[in-house]
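Residues per chain, in single letters:
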Amino acid sequence: MPLVLARIDCRLIHGQVVETWVPHTCADSLVVANDDLAGNPFLRSVMELAVPPSIRVRFSRLDEAIRVLAEADRKGERTILLVASAADAVTLRKAGAAFDLLNIGNLHFSAGKVEISPSVFFAPEDFDALGWFRAHGVSVLVQGTPFEAGTSFDAERK
């Protein structure tokens, strides 16, 4: 499955993705793997409004995402995979999503989280998930847009 970008972003589809990552990667397809969003037609339609008609958007439950990614691959699409959490990214990688680089754009603050960058805050489970990625050969890069200097994340830091 030739993914051009695998990204964690709690906002999923928004301006940073559509205006910077899509052109930068020459993507023509977005796969949003999120159980809550897959079951909410209204929110899906709102997110689709932000995407140009030339970009195919698919929303799927996590347990359907590998099949959806494989379909995009068979059609020769250049796909960006979007998930809302590190745990979801681990689930998809374990299920067979083929990515060796994971981009983290936004994870909002909440109680108990540690600031990694101005727009990325990790909970203890995020550190655990990123440690899993490191152990499985996946590089993690905190980077909001392709025009910002990314920060490689060392999962050993806490």
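Look a little higher up for the structure.
Residues numbered from 1 in each chain as written. Predicted model: local features only at pLDDT ≥ 70, side-chain atom pairs only at ≥ 80, totals over all residues. Heavy atoms only, no water.

**Thoughts on the pairing of strand S1 (residues 3-9)**
On a regular strand, each side chain points to the face opposite its neighbour's, so the side chains alternate between the two faces of the sheet.
Stage number 1. When you tally the buried positions in S1, you get six out of seven residues, the bulk of the element.
Stage number 2. Pairing geometry for S1 and strand S5 (residues 101-106), over three bridges, is parallel. Paired with Arg 7 across the two strands is Asn 103, which belongs to S5. (Buried < 20%, exposed > 50% of the residue type's maximum accessible area, 1.4 Å probe, protein only. Helix = DSSP H or I, 4+ residues; strand = E, 2+ residues; numbered from the N terminus. Pairing = 2+ DSSP bridges.)

**Describing the packing of aromatic side chains**
Stage number 1. Within the structure shown, the criterion is met by four aromatic pairs.
Stage number 2. A ring pair is formed by Phe 109 and Phe 121, whose centres lie 5.4 Å apart and whose planes are at 75°; its orientation type is edge-to-face. Residue Phe 109 is found in the loop between S5 and strand S6 (114-117), and its partner Phe 121 is found in strand S7 (residues 120-122); the two are separated by twelve residues along the sequence.
Stage number 3. On the basis of an interplanar angle of 75° and a centroid distance of 5.4 Å, the ring pair of Trp 132 and Phe 133 is categorised as edge-to-face.
Stage number 4. Residue Phe 133 is classed as buried on the basis of its relative accessible area, which comes to 0%.
Stage number 5. Cluster of aromatic residues (ring-pair linked, three or more members): Phe 99, Trp 132 and Phe 133. (Phe/Tyr/Trp six-rings, centres within 6.5 Å; stacked < 30°, edge-to-face > 60°.)

**Remarks on the side chain of Thr 20**
Stage number 1. Summarising the element assignment, Thr 20 is placed in helix H1 (residues 15-25).
Stage number 2. Judged by relative accessible area, Thr 20 falls into the buried class, the value being 13%.
Stage number 3. If we ignore the near neighbours within four places in the chain, the residues touching Thr 20 are Gly 15, Thr 145, Pro 146 and Phe 147. (Contact = heavy atoms within 4.5 Å.)

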